[in-house]
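Below, each chain spelled out in residue letters.
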Amino acid sequence: MSTAVKETPQEGGTVLVRRPGPRELHPVRTHRRRRALELALAVAVPLVLVLLWQLAAARSWIDDRVYPAPSTILADGWDRAADGDLWPDVWATLKRVLGGYAIGTVAGYALGLLMGSLSLVRAALEPLLDALYVVPKLALLPVFLNMFGLGEGPQIALVAATVFFFVWISTMAAVLAVPIGHRDAGQVFGASPWQMFRHVLLPASLPAVLVGARIAAGVAVLVIVASEQIAAADGLGHLIFDSRALFQNDVMFVGIVCVAVLGVVFSEVVRIAGRLLTPWAPRDRGRSQS
């Protein structure tokens, strides 16, 4: 409670007295305590789960041959990183994600902006894109293999196709959601098409576009790992699938942890870039508010 309300009986009726609470009297201190609590919870929850996993493996509550203890996974990952065996797979996955993400983001933003601005283009292309959107993207992998052959091409194309739809939908929806009053104001002042885009459509739609781009960042990692398990000779997805086939479950979990870290870092980089590009937009609701 940021305020306290007290009923004070007086002659002729009751007066409600509103008193400021700690959040209003000490906003900085309250904000710091809230941030400390959020940080503690963010660290404590995964730490407790890892400790429970370690305890279960040590007490033989679970089969450590199938579910190795976190200490075993950490030691194996450290050894593989020190020996240089891990980095080629990490780099292979990372370059595919970055390449496909860049292509899909540019294409999705350009087409989303065009379809959001021109109703005839939207009427012509939206039914086709809606039909392609519901197709599972992994189902397109054989098509890309036929188009590009073995190598990096199919992997990058699959990530690009996945990212494209997320960015296209968020961009088109964001442009369509720009209030008509903003557009009318630009027309009244005689704004050119470029000025309308630069000063009206771009700042009004970019925050929502970047939300879609952030979602696409996480999905891109998921798709490339699944693709590498099917049609790749390296990468974290291949490492996970190959080690499972060889019953090297400790190596498999090393790959899973690397994928998790890669996804979190990539998504966070996109989020930070979005905040730098849109300082006028409100912060994520998932983050603390003062």
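Residues numbered from 1 in each chain as written. Predicted model: local features only at pLDDT ≥ 70, side-chain atom pairs only at ≥ 80, totals over all residues. Heavy atoms only, no water.

Looking up the protein in an unreviewed UniProt entry gives the name ABC transporter permease, with the organism given as Streptomyces sp. 900116325. Taken directly from UniProt, the Subcellular location (unreviewed entry) text for the protein runs: "Cell membrane". The record held by UniProt for the protein lists under Sequence similarities (unreviewed entry) the comment "Belongs to the binding-protein-dependent transport system permease family." (UniProt positions renumbered as here; feature names shortened; annotations may be inferred.)

Colleague: Mind showing me how you'd approach the overall build of the protein here?
Modeller: Along the protein, the regular secondary structure elements total 11 helices and two strands. Listing every helix and strand of the protein by position from the N terminus yields β-β-α-α-α-α-α-α-α-α-α-α-α. Across the 290 residues of the protein, 34% fall into the buried class. Partitioning the intrachain contacts of the protein with sequence separation of at least 6 by distance along the chain shows that 63% fall at a separation of at least 24. In the form shown here, the protein has an accessible surface area of approximately 17,700 Å², with 67% of it arising from carbon and sulfur atoms. (Helix = DSSP H or I, 4+ residues; strand = E, 2+ residues; numbered from the N terminus. Buried < 20%, exposed > 50% of the residue type's maximum accessible area, 1.4 Å probe, protein only. Contact = heavy atoms within 4.5 Å. Areas by Shrake-Rupley, 256 points an atom, 1.4 Å probe, with all protein chains shown as cover.)

Colleague: How do you make sense of the packing of helix 4 (residues 87-117) against helix 5 (residues 119-133) when you look at a structure like this?
Modeller: The packing of two helices is summarised by the inter-axis angle and the distance between the axes. In contact at an axis separation of 6 Å, helix 4 and helix 5 are set at 125° when each is read in the N-to-C sense. One way to sum up the angle between helix 4 and helix 5 is to call them oblique. Contacts from Leu111, Leu114, Met115, Gly116 and Ser117 of helix 4 reach helix 5 at Ser119, Val121, Arg122, Leu125, Glu126 and Leu129. Taken together, the residues that form the contact of helix 4 with helix 5 break down as six nonpolar, three polar and two charged. (Axes fitted to C-alpha atoms, helices over the stretch in contact; angles between N-to-C directions. Parallel < 35°, antiparallel > 145°, perpendicular 65-115°, else oblique. Nonpolar A, V, L, I, M, F, W, Y, C, P; charged D, E, K, R; others polar.)

Colleague: It is not clear to me how helix 10 (residues 236-245) should be interpreted in this structure. Could you clarify?
Modeller: Three- or four-residue spacings in an α-helix give side chains the same orientation, since the helix completes a turn every 3.6 residues. For helix 10, the full list of buried residues reads Leu236, Gly237, Leu239, Ile240 and Ser243. Buried residues of helix 10, seen end-on, are gathered within an arc of 165° and therefore sit on one face of the element. Within helix 10, the exposed residues directed more than 90 degrees away from the buried face are Phe241 and Ala245. Those residues of helix 10 that are buried are in contact with helix 3 (70-83), helix 4, helix 9 (193-231) and helix 11 (249-277). Downstream of helix 10 by a residue or two, phenylalanine 247 has a phi angle that is positive, lying close to 60°. (Arc of directions from axis to C-beta.)

Colleague: When you look at the packing of aromatic side chains in this model, what are you seeing that I'm missing?
Modeller: What describes a pair of aromatic rings is the distance from one ring centre to the other and the angle between the planes of the rings. Counted by the stated rule, this structure contains seven aromatic pairs. A ring pair is formed by tyrosine 101 and phenylalanine 266, whose centres lie 5.0 Å apart and whose planes are at 70°; its orientation type is edge-to-face. One end of the pair, tyrosine 101, is in helix 4; the other, phenylalanine 266, is in helix 11, and 165 residues separate them in sequence. For the pair shown, tyrosine 101 and phenylalanine 266 are each scored as buried. Each ring, one from tyrosine 133 and one from phenylalanine 165, has its centre 5.9 Å from the other, and the planes form 45°; the classification is tilted. Of this pair, tyrosine 133 sits in helix 5 while phenylalanine 165 sits in helix 7 (residues 152-176), and the two are 32 residues apart along the sequence. Since its relative accessible area comes to 34%, tyrosine 133 is described here as partly exposed. (Phe/Tyr/Trp six-rings, centres within 6.5 Å; stacked < 30°, edge-to-face > 60°.)

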